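# Residue-level structural notes
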Amino acid sequence: MPKIERKKHDVIPDKEEDIEIKTGRFRLYFQNRYALISLTNDILTGVFYMIGSLATLTPIPDVYGTYLYLIGAFFLTARPILKFFHNVFIYDDLKLAEKKKQEANELEESEEDNEYE
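Because the structure is a prediction, the values reported are computed rather than measured.

### Looking at a negative patch on the surface
A contiguous patch of negative charge, built from Glu103, Glu106, Glu108, Glu109 and Glu111, is present on the exposed surface. By the secondary structure assignment, glutamate 103 is in helix α3 (residues 93–116). The class of glutamate 103 is partly exposed, set by a relative accessible area of 43%.

Listed below in structure tokens is the structure:
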């Protein structure tokens, strides 16, 4: 069974979470979770439309093909919604400012330590 790890970045607006799937000696690395979700969505959309098309070519009732087309349309609608979530990042300005201030203080302290050496 593959082991899935999520790597979290700091709370900085331009970074997402990465996903790494380990299977034995091989690893699959996805730059962010939305890439994996988007690829899965695209594959499912194609599968539902292919099966829906095959259903209209066979003697089975047309209602099955129609339902499969509806499911495929749902996945097509989900695609821009996923892109929206991928491009929008909500973060706390106060926490981000505190973190930057703390990093600046640590940098000043390390520079002061280097001056005395």
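### With respect to the environment of glutamine 31
Position of glutamine 31 relative to the elements: it lies in the loop between β3 (26–30) and α1 (33–57). Along the sequence, glutamine 31 and glutamate 20 sit eleven residues apart, while their C-alpha atoms lie 8.6 Å from each other.

### Brief notes about the packing of aromatic side chains
Across all of its chains, the model carries three aromatic pairs by this definition. Measuring from ring centre to ring centre gives 5.6 Å for phenylalanine 48 and phenylalanine 75, while their planes differ by 15 degrees; the resulting arrangement is stacked. Here phenylalanine 48, found in helix α1, pairs with phenylalanine 75, found in helix α2 (residues 62–87); they are 27 residues apart in sequence, far enough to count as distant. Both residues of the pair, phenylalanine 48 and phenylalanine 75, count as buried. Ring geometry for tyrosine 49 against tyrosine 69: centres 5.5 Å apart, planes inclined by 50 degrees, an arrangement best described as tilted. With tyrosine 49 in helix α1 and tyrosine 69 in helix α2, this pair connects stretches of sequence that are 20 residues apart. Overall, the relative accessible area of 26% leaves tyrosine 49 in the partly exposed class. The exposure class of tyrosine 69 is partly exposed, given its relative accessible area of 28%. A network of ring pairs unites the aromatic residues Phe48, Phe74 and Phe75 as a single cluster.

### Some words on the pattern of salt bridges
Applying the stated rule across the entire model yields one salt bridge. The shortest N-O distance in the salt bridge between arginine 79 and aspartate 42 comes to 2.9 Å. Pair noted here: arginine 79 is in helix α2 and aspartate 42 is in helix α1, with a separation of 37 residues, a long-range link. Judged by its relative accessible area of 34%, arginine 79 falls in the partly exposed class.

So, how was this worked out
Residues numbered from 1 in each chain as written. Predicted model: local features only at pLDDT ≥ 70, side-chain atom pairs only at ≥ 80, totals over all residues. Heavy atoms only, no water. Patch = residues over 30% accessible without salt bridge, like charges linked within 9 Å, V, L, I, M, F, W, Y side chains within 5 Å. Areas by Shrake-Rupley, 256 points an atom, 1.4 Å probe, with all protein chains shown as cover. Salt bridge = Lys/Arg side-chain N within 4 Å of Asp/Glu carboxyl O. Lys, Arg positive; Asp, Glu negative; His and termini not counted. Charge placed at Lys NZ, Arg CZ, Asp CG, Glu CD. Helix = DSSP H or I, 4+ residues; strand = E, 2+ residues; numbered from the N terminus. Buried < 20%, exposed > 50% of the residue type's maximum accessible area, 1.4 Å probe, protein only. Phe/Tyr/Trp six-rings, centres within 6.5 Å; stacked < 30°, edge-to-face > 60°.

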